[in-house]
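Structure assessment
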Amino acid sequence: MKTPNVTNAENYLRLGVNIDHVATIRNARGGDCPDPVRAAKIAADFGADGITAHLREDRRHITDSDILRLGEEINLPLNLEMAATDEMLKIALRHKPHAACIVPEKREERTTEGGLDVIGQIKHLEPFVKTLVDAGIRVSLFIEPDPLVLDAAKSLGAPVVELHTGSYCDAPSGEHQNKELQRIINAAAHADEIGLECHAGHGLTFTSVTPIAEIKTIAELNIGHFLVGEAIFVGLGNSITEMRRLMNVARGEDGK
Ligand code: PXP
């Protein structure tokens, strides 16, 4: 298991590159190409601070063998996104990724729709989170930006929450989007107040990333689908470089 190799300067915003959709393209034809582990190596070379991969119950993109290879071949921390099931718990304990992000999962959904129902599932999640934390895995809960859900996450002993940015990214620009952004700003402030590390992700693009990256209490963004899609036009290295630049500018750096 690799731990983050960045000395996390107060203002630095980490970028976790999600490589799931490289595997989606591979699996559309079967076979080995394009290889998500090769994508992870490029991400490492172009400024990613971590690799994120979602091992879904139906293995529609990332496979068990991808997870094994990511652990063996990539010199960056792995953030394993997983549902709170017995099968995934066993896999996480076997691979010991740096981090595990617990997500809700429904077979019929196209992507992770909505955050984890922490309040409704608290009894199920409590021992689940504890087992992962006791194994030395940094647990994060993928949740809606709602202070009550943040409080429930804190009560479970998870050190990190990842705020679902999907509603903000999908909202038509203007008043609706500003309202969704304000929910994220408030939730990130609340996370800081109650001592939770705050991450964010889902649906972020070159356009939507800046207001999220400007929120100083967010420590990490996890971004995948847009980066992989953009890579078709400009190459993966260039797509990650531009995202990294926008994140740096949002944090007040010159973007070079
Ligand atoms: N964070 C979590 C918890 C996710 O489930 C996903 C999607 O797999 C992402 C971040 C990345 O979202 P996107 O691929 O839309 O950038």
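Residues numbered from 1 in each chain as written. Predicted model: local features only at pLDDT ≥ 70, side-chain atom pairs only at ≥ 80, totals over all residues. Heavy atoms only, no water.

Glancing now at the site of the ligand. Residues in close proximity to the ligand total 14 residues, the closest being Glu 81, Glu 162, Gly 203, Gly 224 and His 225. Contact between the ligand and Glu 162: a nitrogen atom at 2.5 Å from a side-chain N or O atom of the residue. A distance of 2.8 Å separates an oxygen atom of the ligand from a polar atom in the backbone of Gly 224. In the complex, the protein chains occlude 95% of the 390 Å² of accessible area that the ligand would expose alone. Partitioned by chemical class, the residues of the shell around the ligand number 4 nonpolar, 7 polar and 3 charged. (Near = heavy atom within 4 Å. Polar contact = N/O pair within 3.5 Å; in protein donor to acceptor, adjacent residues only side chain to side chain. Areas by Shrake-Rupley, 256 points an atom, 1.4 Å probe, with all protein chains shown as cover. Nonpolar A, V, L, I, M, F, W, Y, C, P; charged D, E, K, R; others polar.)

A separate point is unusual backbone geometry. Here the bond from Cys 33 into Pro 34 is cis, since omega is -5°, no more than 30 degrees from zero. Note that Pro 34 resides in the loop between α1 (20-29) and α2 (36-45). Residues other than glycine seldom take positive phi values, yet Arg 59 does so here, at roughly 50°. Turning to its location among the elements, Arg 59 is positioned in the loop between β2 (50-54) and α3 (64-73). Of note in the backbone geometry, His 202 takes a positive phi value of approximately 115° without being a glycine. With respect to the helices, strands and loops of the structure, His 202 is situated in the loop between β7 (197-201) and α9 (209-213). Accessibility expressed as a relative area gives 23% for His 202, which makes it partly exposed. (Helix = DSSP H or I, 4+ residues; strand = E, 2+ residues; numbered from the N terminus. Buried < 20%, exposed > 50% of the residue type's maximum accessible area, 1.4 Å probe, protein only.)

Attention now moves to the pairing of β7. Along β7, 4 of the 5 residues are buried, which leaves the element largely enclosed by surrounding structure. Here 5 bridges tie strand β6 (residues 160-164) to β7, and the two strands are oriented parallel to one another. Paired with Val 160 across the bridge in β7 is Glu 197. Here β7 pairs with strand β8 (residues 218-223) via 4 bridges, running parallel. Within β8, the position partnered with Ala 200 by the bridge is Leu 221. (Pairing = 2+ DSSP bridges.)

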